[in-house]
Amino acid sequence: MNTNTQTSSISSNTSGKKPVWIIIVPAGSTALLTLYNVKDFLMDSKYISAVEARSRGPKPASLRLEHSGNTFEFIDNPARLAPADWSRVLACFTLTSTWQFKGWKWETPLELFQHIVGFHVFFDDVALDQTVAGWNVTKLAISRNKRHLDATAVMTFWNSINEAIKAKGYRK
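Residues numbered from 1 in each chain as written. Predicted model: local features only at pLDDT ≥ 70, side-chain atom pairs only at ≥ 80, totals over all residues. Heavy atoms only, no water.

J.: How do you make sense of the sheet that holds strand 4 (residues 89–93) when you look at a structure like this?
T.: Within a sheet, each strand pairs with its neighbour through backbone hydrogen bonds, oriented either parallel or antiparallel. Spatially, the six strands line up as an open sheet ordered 2-3-1-4-5-6, and their pairing is mixed. Since the sheet does not close on itself, it has two edges, and those belong to strand 2 (63–67) and strand 6 (137–142), each with one partner. Taking the axes of each pair of neighbouring strands and ignoring which way they run, one obtains an average angle of 25 degrees across the sheet. (Pairing = 2+ DSSP bridges. Helix = DSSP H or I, 4+ residues; strand = E, 2+ residues; numbered from the N terminus. Axes fitted to C-alpha atoms, helices over the stretch in contact; angles between N-to-C directions.)

Below you can see the structure in the form of structure tokens.
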């Protein structure tokens, strides 16, 4: 597993073979996953709160990670996307309100989650928000104290991502 962080603007793959997939994370300070801590969670299978991760330094404009032969660019500002970039948006992490999707190519959860994979991360000791419960998103429950369980949620995430890539017609 190779990781590479980058703070440049959104860009496409220069090799022409595979796209650089875009995954949108929330920018809000109440989100469990943000640009501050998404790498720790998805690459190291360890959840660190966004507040704790924020203390390590400034937030990158974007974050580039490699996994299973694919490159993913994580962003938290979809307004930066050009119309052509939306074909590379593979997934997003959701909050519990539809306002998050204002200004996106697909603004309603019903339409959005027909085009991209949605994920909602929540603590397992808190009831799942009923708004999100009705959305076509993968619910990733994490524990506040049992860090060894983070790997299960991460595996579910990457399995869903790999299936979405295959559904778009790309193979390793």
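J.: How should I be thinking about the layout of surface pockets in this particular structure?
T.: One water molecule sets the probe size; rolling that probe over the atoms shows where empty space is left. As a volume, the largest pocket reaches approximately 320 Å³. Considering each element in turn, the lining of the largest pocket owes the most residues, four residues, to strand 5 (residues 117–123). Its residues assigned to classes, the lining of the largest pocket shows 13 nonpolar, five polar and two charged. Considered as a void within the structure, the second largest pocket measures approximately 170 Å³ in volume. In terms of lining residues, the second largest pocket is bounded by twelve residues, among which Leu35, Tyr36, Asp40, Arg56 and Pro60 are the most central. In terms of residues, the lining of the second largest pocket owes the most to one element, helix 1 (residues 38–44), which gives three residues. Of the residues in the lining of the second largest pocket, the class split is six nonpolar, two polar and four charged. (1 Å grid on protein atoms, 1.4 Å probe; cavity = no way out; pocket = protein on both sides within 12 Å on 5 of 7 lines; lining within 4 Å. Points joined across faces, edges and corners; volume = space filled by probe spheres on them. Nonpolar A, V, L, I, M, F, W, Y, C, P; charged D, E, K, R; others polar.)

J.: Looking at this structure, I do not really get the packing of aromatic side chains. What am I missing?
T.: Ring pairs (aromatic) are described by centroid distance and by the angle formed between their planes. Inspection of every chain in the model, using the stated rule, returns 13 aromatic pairs. Between the aromatic rings of Tyr47 and Phe123, the centroid separation amounts to 5.9 Å while the plane-to-plane angle is 90 degrees, which identifies the pairing as edge-to-face. Taken as a pair, Tyr47 in the loop between helix 1 and helix 2 (50–54) and Phe123 in strand 5 lie far apart in primary sequence, 76 residues in all. Relative to Phe157, the ring of Phe119 has its centre 4.7 Å away and its plane inclined at 50 degrees; by these criteria the two rings are tilted. Linking Phe119 in strand 5 with Phe157 in helix 5 (residues 150–167), this pair joins segments that are 38 residues apart in sequence. Note on Phe157: relative accessible area 0%, which makes it buried. By the ring-pair criterion, three or more aromatic residues cluster together here, those being Trp86, Phe101, Trp104, Trp106, Phe113 and Trp135. Cation over ring: Arg54 sits above Tyr36, and NZ or CZ is 5.6 Å from the ring centre. Directly above the aromatic system of Phe123 lies the positively charged group of Arg144, at a separation of 4.0 Å from the ring centroid. (Phe/Tyr/Trp six-rings, centres within 6.5 Å; stacked < 30°, edge-to-face > 60°. Buried < 20%, exposed > 50% of the residue type's maximum accessible area, 1.4 Å probe, protein only. Lys NZ or Arg CZ within 6 Å of the ring centre and 35° of its normal.)

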